[in-house]
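# Architecture at a glance
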Amino acid sequence: MKVVILAGGLGTRISEETNIKPKPMVEIGGMPILWHIMKIYSHYGFNDFIICLGYKGYQIKEWFNNHYLRYNDVTLDLEKNTAIFHKGHSEKWKVTLVDTGDASMTGGRLNRVKDYVGNETFMMTYGDGVTDMNINELVEFHKSHGDIATVTTVTPEGRFGVVHTDQKNDKVTSFQEKHDNKNKISAGFFVLEPKIFDYLTEGDATVFETDALIKLVSDRGLRAFPHDGFWKPMDTLSDKAKLESMWEKGNAPWKLWD
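Residues numbered from 1 in each chain as written. Predicted model: local features only at pLDDT ≥ 70, side-chain atom pairs only at ≥ 80, totals over all residues. Heavy atoms only, no water.

What follows concerns the overall build of the protein. Scanning the protein from terminus to terminus reveals 8 helices and 15 strands. For the protein, the spread of C-alpha atoms along the principal axes amounts to about 65 × 40 × 35 Å. Sorting the 258 residues of the protein into buried and exposed places 51% on the buried side. Across the protein, the fraction of contacts at a sequence separation of at least 24, relative to all contacts at a separation of at least 6, is 72%. Put simply, the protein has 31 plus and 36 minus side-chain charges, and the middle of one group is 1 Å from the middle of the other. (Helix = DSSP H or I, 4+ residues; strand = E, 2+ residues; numbered from the N terminus. Buried < 20%, exposed > 50% of the residue type's maximum accessible area, 1.4 Å probe, protein only. Contact = heavy atoms within 4.5 Å. Lys, Arg positive; Asp, Glu negative; His and termini not counted. Charge placed at Lys NZ, Arg CZ, Asp CG, Glu CD.)

What follows is the structure, encoded as structure tokens:
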């Protein structure tokens, strides 16, 4: 199953970092948060990624292009223009990097990678949040109910989109973007059927959260997967500092891999 990661936004609330790099390239423990997110999926055997690029997307392309070289010994024969790689380590990832436009909205970015996704169930998340959620359980939950989309929900810190659900069957009854209360919120980890592209009708201007999801709720096609464990986005320098502190202390709940 493919994993789409939205990595093209401006990241204005952490502009101290994003003035010089895209938000998914902001580092925690010396590695981009994008790498951390991909490691979470890879831990559960999902290694086929589609990265939606936008703002300073070339930096993400350069990072992946140099990834193998960075973590392996190499002998360069400058006369023969050859390179021999020696013992080292590289991730078992297939990564498709797609320029989805500097100004595209979240739904617009997703719509631009439709041909790369193909006609199959896929996952989607944002390039700035980490969790200790069991991805396999999320996928199995999605397969069990047969709806178009599943959104992971968590208890909020505040400032995020609120998800109201029917307690009998977990159907989402309303989706309210960025309202400060004590309800469950969207954690941004989705499983989606190809039919989701029918809801991305405004081209690059489509906002996934306020256009596609609201329509999906109206059609009773969105189900919530509750997660009671760790989840944290990196929206501000304070968020970055907290994640960095967890990593340095060896207390990073999202580090599921060895």
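So, about unusual backbone geometry. The bulk of non-glycine residues show a negative phi, and the bulk of peptide bonds are trans. Backbone geometry at Asn81 places phi at a positive 55°, although glycine is not the residue there. In this structure, Asn81 sits in the loop between β5 (72-77) and β6 (82-88). A positive phi angle, near 60°, is found at Arg220, a position not held by glycine. Mapped onto the fold, Arg220 is located in the loop between α7 (208-218) and β14 (222-226).

If you walk through the whole model with that rule in mind, you get 13 aromatic pairs. Measuring from ring centre to ring centre gives 5.7 Å for Trp35 and Trp257, while their planes differ by 85°; the resulting arrangement is edge-to-face. One end of the pair, Trp35, is in helix α2 (residues 33-43); the other, Trp257, is in the segment after α8 (237-248), and 222 residues separate them in sequence. What makes Trp35 buried here is its relative accessible area of 11%. Measuring from centroid to centroid gives 5.2 Å for Phe190 and Phe208, while their planes differ by 85°, and the two rings are edge-to-face. On the criterion of sequence distance, the pair formed by Phe190 in strand β13 (residues 185-192) and Phe208 in helix α7 is long-range, its members being 18 residues apart. Counting every residue linked through ring pairs, the aromatic cluster contains Trp35, Phe230, Trp247, Trp254 and Trp257. (Phe/Tyr/Trp six-rings, centres within 6.5 Å; stacked < 30°, edge-to-face > 60°.)

Turning our eyes to something else, we now look at the pairing of β14. With respect to burial, β14 is a largely interior element, 4 of its 5 residues being buried. Here 5 bridges tie strand β10 (residues 149-154) to β14, and the two strands are oriented parallel to one another. Within β14, the residue paired with Thr150 across the bridge is Arg223. (Pairing = 2+ DSSP bridges.)

Limitation: the analysis is restricted to geometry and does not speak to function.
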